[in-house]
Structure formats: C-alpha cells, structure tokens
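If you want the building blocks of each chain, they are given just below.
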Amino acid sequence: MAIGFGVIGCGAVGAWHAISIGNVEGASLIGVADSFIASAQKFGERFNTRVFESVEAMLACAEIDCVCICTPSGLHADLAVAACNAGKHVLVEKPMALTVPDCDRIIAAADAHGVKVGVVSQSRLAGCTQVLRKYLSEGKLGQIITADVSMKYYRSQEYYDAGGWRGTWAMDGGGALMNQGIHSVDLLQYLAGPVKSIHAIARTLARKIEVEDTAVAIIEFKSGAVGTLEATTAIHPGYPRRLSISGTEGTITISDENFVDWDIKGEGLPEGVTLGVPEDSGASDPMNFSTAGHEAHIADMVGAITENRDPFISAREGKKPVEIIRAVYESSQTGKTVYFD
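Report on the accompanying structure. (Residues numbered from 1 in each chain as written. Predicted model: local features only at pLDDT ≥ 70, side-chain atom pairs only at ≥ 80, totals over all residues. Heavy atoms only, no water.)

## Focus on the sheet that holds strand 9 (residues 214-221)
- What the eight strands build is an open sheet, ordered 13-12-11-7-10-9-8-14; its pairing is mixed. Both edges of this open sheet fall to strand 13 (258-264) and strand 14 (338-339), since each of them pairs with a single strand only.
- Inspection of the sheet shows strand 8 (residues 195-203) paired to strand 14 by two bridges, in the antiparallel sense. Bridging from a neighbouring strand, Ser-197 pairs with Tyr-339 of strand 14.
- Sheet contacts for helix 6 (residues 127-137): strand 7 (144-152), strand 11 (242-247), strand 12 (250-255) and strand 13; angle to strand 13, the most-contacted strand, approximately 20°.
- Contacting strand 8, strand 9, strand 10 (226-232) and strand 14, helix 11 (residues 315-334) runs over the sheet at an angle of about 60° to strand 8. (Pairing = 2+ DSSP bridges. Helix = DSSP H or I, 4+ residues; strand = E, 2+ residues; numbered from the N terminus. Contact = heavy atoms within 4.5 Å. Axes fitted to C-alpha atoms, helices over the stretch in contact; angles between N-to-C directions.)

Here it is in structure tokens:
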C-alpha cells in the first residue's frame, strides 16, 4: 500500500514536493493545504489532488500518513509539532526550525507520538557527497587539516521584496546563512565532523533586509581541523557553492554536485569519478534546481515509514546546522568566540 502524503504550503517548494511524490514508487499525493485557499485550489487543479480547507482538516484525514511542510520557515516548528501530535510523520523543509528550542520541541513531539521526522537537506544525498564521505571515513585524505565552504550567491532586492517573509527574523530566521547557506553549513559539519568553536561576523551590506546578506566564520572542529565558512547573497553574478576538504594525504573539492579537485597522494581518479562544472545551480536563480534531491527524500521517507527506521536526515540531524548558524549569529552580536559542549 502506498504511503499517503499531504503537502502544506503551495508555493514553488510545495510543487517540487508534489512532483517528487508523483515520481516515487510507493508514494501517493492525497491532498494539499495553504493559508491562501485560492493558492491551494490552483495547486489542487495542477496536481489533480484534493484541497483541504485547513491544516487541521488535513491532519484529521486518515489517508494521510506523512505531511510535507513547505511553508515559510517561521511556520515550520508549530506545523511540525501539530502534525506529530496528530500522529502524522513529517518531512519538513530546511531549516527544520529557526531556533534550537524549537528544534527540540519538534524532536520531543515526534518522540512522544512515535512518528518519524525527516528534514530536507538534499545536498547530503548527492552522489559526490556520499563518495567524499566514504573517502573521509576510510582515511584516504589522511589527517584533516582544513575544511572550507564558500557560497557566493546572488539574490536581488526584488527577490526579497516579492515575499514579505523573506529577509525577516520572524519568518526567515536569518539571511544568507539560515536560508540559502544552511545547506553549506550542514555539509561542512556532516563531512568534517562536530564543531568545537566558532568566531564570526555577520553583516547586512547590500540588501534592505532585517537579516544578514553576508557572513564569514572561522571554525575549529573537535578533530583539531580548522576551517572557514563564507556565505553571501549580495554579489553579482553568483557562483556555485564550493566545499573543499584537505588533509595530509590529499584534497577533494566539490562545486555544488560535481567534483572539481581530486588530488590524493599516489592515486588517480577512481572509476566513476569525473571532474566537471555544475550544470544546475541556484547561485543566481533560486528555482534552478532539479527535483532529484527531493525525490530521494520522498523515497527515503517511504522507506523509513515502511521499514520502521529513522529517516536518512532525522530531526536530530536537522538540528545540527541550526545550532551552528545560531552560534554564528551569537558570535557576531557579542564579538566573542562561541564554544560548543
């Protein structure tokens, strides 16, 4: 029997989820909900699916096993908790919440009701990420010395003005880091390991928004490695994200979902690995993504529910980049280094 999905939030991201559900075996789109009923009706017609008059009505529907939360970020926590309380599994877009206490609220609700919560972070699922993770686990780069990520994106003022919630503390929770840069933060800690300390500067340099459009941080990892985190949405024309990890035995660099550097002492390129330039990138266009990553997340949720296991990126994993980003903001505001327990 197919796992029934409901989509909350009928914008572009909600459409990615609906398309992905339709492309994944074992998943079925039951219906949609949105605070703007006209948007929901248009969405329902496009995907030939049921329109719920409210989120509460969706959560009361026995056909729905899992809800995809695709609303502005500031609504994620309350909706996720409500879904858990209704006994529904949850796949929530990044960030899972805007604060660490709200992440903990979601985790507590999921534990209390025995439901799964998955967090969308499709960059983790990319093939190149998994290959690099494997090489790191096997010690192929030797002792890790540096781990760096640079995200130089372009988002116009019109982009922020078009959505009243974008660039606000209440609904976006941050700017270049919490919205676009959270993928970079998540990859850095996923590949390089737990963070020991952060010293950072976050500034609003070019856009008329409440939150930062530029942030830079120096990171010390618990392994002893050091690194940098750079994120901006204010530069022209925008470039693909680059993540580079270097050790005593070699360096591997990823640009979006492509390898661009592969230099390991005494080794050539392994079979199946090629170097290339990214074809799809959200560096200057937030809609320039394929649905492959979301399809992988939907398939993973189907597996997690049917096999009674944790999603690949659980709520506890989804909390980690939020903790790091909040530490960046704290360091920038206080001028002090933030240390992690």
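## Some words on the pairing of strand 9
- The sheet contact formed by strand 8 and strand 9 spans eight bridges and is antiparallel. What sits directly across from Arg-203, in strand 9, is Thr-214.
- In this structure, strand 9 lies alongside strand 10, joined through seven bridges in antiparallel fashion. Within the sheet, the bridge partner assigned to Ile-219 lies in strand 10 and is Gly-227.
- Hairpin connection of strand 9 to strand 10: four residues between the antiparallel strands, including Gly-224 at a positive phi of 105°.

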